[in-house]
Amino acid sequence: MPESLSPLTFEPIFKERVWGGQKLAKLFGKAIPPDARIGESWEIVDRAHDQSIVRSGPLRGKTLHDLWTNHRADLFGKVEDAPRFPLLIKLLDCAATLSLQVHPPAEIASRFGGEPKTECWYVAAADPDSILHLGVRPGTSRRQFEEAIRLGNVADLTHRVKTSPGDFHIIPSGRLHAIGGGNLIVEVQQNSDTTYRVFDWNRRDEDGKERELHIEQSLASIDFNDIDPSRRQPDNETLVASEYFDVQEWDLTSPREITPASSFAIGVALRHAVEIGESLFQPGEFFLVPANSSHRMIEAVDGQATLLRITLPA
């Protein structure tokens, strides 16, 4: 392991989705297939079947799991022990509305053989009149909700929240949710891939089959007391400081240290390019500044940039 590394970048993993589109190419220059409906770009991931691969430099070709398992102290500093890197970071291009869904709390996930998931969304871009479905309306009982599923009008029992670029929401386990069409989202989440669909707008997959729903699991997971999905208000630069992840939004107008020595941080510029040492990062390009890096000062190439900074809790 080199004594000091430049920031690491990884090859994104593109996922076709029935609700995906082409905005990742248009807005962030992602090299996606021109005719594919790419809904997700997995930017930082350490899963059994999906691995971030270092793109260049002395660690080129190494997986994130290898780095986390064999070089944790050098690259990530003092962090809590975990079998895999504990975050999964994505870009979502929601050309159409996603399914109405829920992620299970820990006690429900274990019952159904899944994984709990809390996540957060930063709205990087939004078409006019784009919305989110978040939480249930006050007074909605489980019995009413089950009847609405049967009648096909369950979306009427959700809050509709308009979106604008820069909006931020946290989605705890148990919150009913769906991202409406026209949103481009940065998603930071626990390292989990368990989603229970409760309704999918009667949509069919590429083979003409109705997509699988998870009614029993969803009803067990939904928090019917979750009735206030108001937009998350930042604490200065901090969007969220949770037991799973910390996310900050920086208005970068002068050089500053992205992370102290012996700790790591993940960054992504959303508007205008940034640079660290000799490394240049365009909007939408994620990078990881290792704990052993001697290059820690970040600055906006054009004098101003918007940056998301993502770390694990101290």
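This section reports on the structure supplied with the text.

Scoring rules and cut-offs
- Residues numbered from 1 in each chain as written.
- Predicted model: local features only at pLDDT ≥ 70, side-chain atom pairs only at ≥ 80, totals over all residues.
- Heavy atoms only, no water.
- Helix = DSSP H or I, 4+ residues; strand = E, 2+ residues; numbered from the N terminus.
- Buried < 20%, exposed > 50% of the residue type's maximum accessible area, 1.4 Å probe, protein only.
- Polar contact = N/O pair within 3.5 Å; in protein donor to acceptor, adjacent residues only side chain to side chain.
- Contact = heavy atoms within 4.5 Å.
- Pairing = 2+ DSSP bridges.
- Axes fitted to C-alpha atoms, helices over the stretch in contact; angles between N-to-C directions.
- Arc of directions from axis to C-beta.
- Core = buried A, V, L, I, M, F, W, Y, C linked by side-chain atoms within 4.5 Å.
- Salt bridge = Lys/Arg side-chain N within 4 Å of Asp/Glu carboxyl O.

Moving on, we get to the side chain of Ser41. Within the secondary structure, Ser41 is located in strand S2 (residues 38–44). Residue Ser41 is classed as buried on the basis of its relative accessible area of 0%. A polar side-chain atom of Ser41 sits 2.6 Å from a polar atom in the side chain of Glu43. Contact partners of Ser41, with chain neighbours within four places excluded, come to Pro12, Ile13, Phe14, Leu24, Ile89, Lys90 and Leu91.

Another aspect to go through is the sheet that holds S2. In space, the six strands of this open sheet follow the order S1-S2-S3-S10-S5-S8, with antiparallel pairing throughout. Bordering the open sheet on either side are strand S1 (13–21) and strand S8 (168–171), each of which pairs with just one other strand. Geometrically, the sheet is characterised by an average inter-axis angle of 25 degrees between neighbouring strands, direction not taken into account. In this sheet, S2 lies alongside S1 in antiparallel orientation, the contact comprising five bridges. Note that in S2 the partner of Phe14 across the bridge is Ser41.

Once that is clear, we can look at the side chain of Lys15. Here Lys15 shows up in strand S1. Note on Lys15: relative accessible area 16%, which makes it buried. Within polar-contact distance, the side chain of Lys15 engages the side chain of Asp50 at 2.8 Å. Beyond its immediate stretch of four places on either side in the chain, Lys15 contacts Arg37, Ile38, Gly39, Glu40, Trp42 and Asp50.

Here we come to helix H5 (residues 142–151). Within H5, the full set of buried residues consists of Phe145, Ala148 and Ile149. In a view along the axis of H5, the buried residues occupy a sector of 105 degrees, so they form one face of it. Exposed side of H5, more than 90 degrees from the buried face: Arg143, Arg150 and Leu151 are the residues found there. Those residues of H5 that are buried are in contact with strand S6 (131–136), strand S11 (196–199) and helix H6 (215–221). Directly after H5, the chain includes Gly152, whose backbone phi takes a positive value near 80 degrees.

Read across the sheet, five strands follow the order S12-S13-S20-S15-S18 without closing on themselves; strand pairing throughout is antiparallel. If you trace the sheet from one side to the other, it starts and ends with strand S12 (238–241) and strand S18 (286–289), each paired once. With strand direction ignored, the average angle separating the axes of adjacent strands in the sheet is 25 degrees.

The nonpolar side chains of a soluble globular protein tend to be buried with one another. In this structure, Phe76, Phe85, Val247 and Ile266 are the most contacted members of the largest nonpolar core, which totals 43 residues. Of the residues forming this core, the biggest block, four residues, is contributed by strand S5 (residues 119–126). Not counting the four nearest positions on each side in its chain, Ile266 is found in contact with Ile44, Phe85, Ile89, Phe286, Phe287, Leu288, Leu308, Arg309 and Ile310. Counting residues in each nonpolar core, the second largest holds 15 residues, with Ala148, Leu176, Leu219 and Phe224 among its members.

To continue, consider the environment of Ile131. Positionally, Ile131 belongs in strand S6. A sequence separation of 47 residues divides Ile131 from Ala178, and the C-alpha atoms of the two residues are 9.0 Å apart. The residues contacting Ile131, other than those within four sequence positions of it, are Arg160, Val161, Lys162, Thr163, Ile179, Gly180 and Asn183.

Let us look at the pairing of S18. Side chains Phe286 and Leu288 of S18 all project onto a buried face; the interleaved residues Phe287 and Val289 project onto the opposite face, where all are buried too. Of the strand pairs in this sheet, strand S15 (residues 265–271) and S18 are connected by four bridges, and their pairing is antiparallel. The residue bridging Ala265 from the neighbouring strand is Val289, located in S18.

A side chain of one charge can pair with a side chain of the opposite charge if their charged atoms are brought near each other. The final tally for this structure, using the stated rule, is 20 salt bridges. Salt-bridge contacts for Arg55 lead to Glu11; the nearest nitrogen and oxygen are separated by 3.7 Å. Here Arg55 is found in the loop between S2 and helix H2 (64–70), whereas its partner Glu11 is found in the segment before S1, with 44 residues between them in sequence. Assessed through its relative accessible area of 31%, Arg55 is described here as partly exposed. By relative accessible area, which is 37% here, Glu11 ends up partly exposed. A salt bridge links Arg17 to Glu40; its shortest N-O distance comes to 3.2 Å. Residue Arg17 is located in strand S1, and its partner Glu40 is located in strand S2; the two are separated by 23 residues in the primary sequence.

It is worth spelling out unusual backbone geometry at this point. Phi is positive for Asp129, which is not a glycine, with a value near 70 degrees. Assignment of secondary structure puts Asp129 in the loop between S5 and S6. Since its relative accessible area comes to 68%, Asp129 is described here as exposed. For Ser262, which is not a glycine, the phi torsion comes out positive at approximately 75 degrees. In this structure, Ser262 sits in the loop between strand S14 (256–257) and S15. Take Ser262: its relative accessible area is 52%, and that puts it in the exposed class.

Bear in mind that shape data such as this cannot, by itself, settle questions of function.
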